[in-house]
Amino acid sequence: MTYDRAAIMRAAWVIVRRFMGRTHETLSQLLSRSLKLAWSDAKQEAQVAKVVAAKRAEADALAQRSSADLMAKIVTLENADVLGGAGRARLSELQAALCKAEAREAADYIEKRKLIASAKGRFASITFTKKDGTRRVMRVQPATLRQHLKGADASEAGRRAAETRAQRHPNLLPVWDAEKKAPRSVNLATVSQIKVNGVTHEFRAC
């Protein structure tokens, strides 16, 4: 730990001037006592700053975890028979981290959707991780998918179902698999790379 010795000395002299003439101590004795107080205050402030920095780092690390992981931990705590003060504090931390994670993921999904849609009638390559943990590279063609969607011709029930899926699963993107020649869904949360219009874009997959 590095301390600002000049600042500590200034703080000590502030104490000296405050008590000069009010005690029976000599200047040397008063300065010595003031220095001890100033050093004690500096060490206490440094310790508080260390704790605050550690908590901030932990909060940032939590916010980098996936919203699904954070939600699972929140549910586990909420279902606990006894939560206690520490449990309530942890629950509050997880909920704050969840808000940050959801905002980060929403921005990430928007960027990935825009990149894939920018291919239009051309092909784009998407690298993602499947549910079984295997890595998959899929060639997609956005314009072809639109040709297979009913759009305005879809039934009211079909449109409502599509809207509900989009709201509940914002991470799922319907795409046209050019090799399978069929519509598929890609989990944007696990997409690690998108190649479109001759440019490769890398992402940190959850």
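Caption draft 1: Broad picture of the nonpolar core. Residues Ile-116, Ile-126, Val-140, Val-175, Val-186, Val-191 and Ile-194 are the most contacted members of the largest nonpolar core, which totals 18 residues. Mapped by element, the contributors of at least two residues to this core are helix 4 (84-117), strand 1 (124-129), strand 2 (135-140), strand 3 (172-177) and strand 5 (193-196). If sequence neighbours within four positions are ignored, Val-140 has contacts with Ile-116, Arg-122, Phe-123, Ala-124, Ile-126, Val-175, Trp-176 and Ala-178. Leu-62, Ile-74, Leu-91 and Leu-94 belong to the second-largest nonpolar core, a separate cluster that totals eight residues.

Caption draft 2: Fine view of helix 2 (residues 27-63). The end-to-end C-alpha distance of helix 2 is 53 Å, a good match for the 54 Å that 37 residues give at a rise of 1.5 Å each. Taken together, the buried positions of helix 2 are occupied by Leu-30, Leu-31, Ser-34, Ala-38, Ala-42, Ala-46, Leu-62 and Ala-63. Those residues of helix 2 that are buried are in contact with helix 1 (5-19), helix 3 (67-78) and helix 4.

Caption draft 3: Molecular detail of the side chain of Thr-144. Within the secondary structure layout, Thr-144 lies in helix 5 (residues 142-148). A polar side-chain atom of Thr-144 sits 2.7 Å from a polar atom in the side chain of Gln-141.

Caption draft 4: Main features of the environment of Glu-25. The topology assignment puts Glu-25 in the loop between helix 1 and helix 2. With residues up to four places along the chain from it excluded, the contact list for Glu-25 reads Leu-30 and Arg-33. A polar side-chain atom of Glu-25 sits 3.0 Å from a polar atom in the side chain of Arg-33.

Caption draft 5: Broad picture of the packing of helix 1 against helix 2. In contact at an axis separation of 8 Å, helix 1 and helix 2 are set at 130° when each is read in the N-to-C sense. By the angle between their directions, the pair helix 1 and helix 2 is classed as oblique. The hand of the helix 1/helix 2 crossing is right-handed. On the side of helix 1, the interface is formed by Arg-5, Ile-8, Met-9, Ala-11, Ala-12, Trp-13, Ile-15, Val-16 and Phe-19, while helix 2 contributes Leu-27, Leu-30, Leu-31, Ser-34, Leu-35, Leu-37, Ala-38, Trp-39 and Ala-42. Residue composition of the contact of helix 1 with helix 2, grouped by class: 16 nonpolar, one polar and one charged.

Caption draft 6: Local environment of the packing of aromatic side chains. Across all of its chains, the model carries one aromatic pair by this definition. Between Tyr-3 and Trp-39, the ring centres sit 5.4 Å apart and the planes meet at 70°, which makes this aromatic pair edge-to-face. Taken together, the residues span a long stretch of sequence, with Tyr-3 in the segment before helix 1 and Trp-39 in helix 2 at a distance of 36 residues. Taking the relative accessible area as the measure of exposure, Tyr-3 reaches 27% and is therefore partly exposed. Above the ring of Phe-19, the side-chain terminus of Arg-33 is found at 6.0 Å from the ring centroid. In this arrangement the basic side chain of Lys-112 is found over the ring face of Phe-203, its NZ or CZ atom lying 5.0 Å from the centre.

Caption draft 7: Expanded view of the pairing of strand 3. In terms of strand pairing, strand 3 meets strand 4 (residues 182-187) through six bridges, oriented antiparallel. Bridge pairing links Val-175 to Arg-184 in strand 4. Between strand 3 and strand 4, which pair antiparallel one after the other, the connecting turn spans four residues, and Lys-181 there sits at a positive phi close to 55°.

About the criteria used
- Residues numbered from 1 in each chain as written.
- Predicted model: local features only at pLDDT ≥ 70, side-chain atom pairs only at ≥ 80, totals over all residues.
- Heavy atoms only, no water.
- Core = buried A, V, L, I, M, F, W, Y, C linked by side-chain atoms within 4.5 Å.
- Buried < 20%, exposed > 50% of the residue type's maximum accessible area, 1.4 Å probe, protein only.
- Helix = DSSP H or I, 4+ residues; strand = E, 2+ residues; numbered from the N terminus.
- Contact = heavy atoms within 4.5 Å.
- Expected span 1.5 Å × (residues − 1).
- Polar contact = N/O pair within 3.5 Å; in protein donor to acceptor, adjacent residues only side chain to side chain.
- Axes fitted to C-alpha atoms, helices over the stretch in contact; angles between N-to-C directions.
- Parallel < 35°, antiparallel > 145°, perpendicular 65-115°, else oblique.
- Left-handed = near helix turned anticlockwise from the far one by under 90°.
- Nonpolar A, V, L, I, M, F, W, Y, C, P; charged D, E, K, R; others polar.
- Phe/Tyr/Trp six-rings, centres within 6.5 Å; stacked < 30°, edge-to-face > 60°.
- Lys NZ or Arg CZ within 6 Å of the ring centre and 35° of its normal.
- Pairing = 2+ DSSP bridges.

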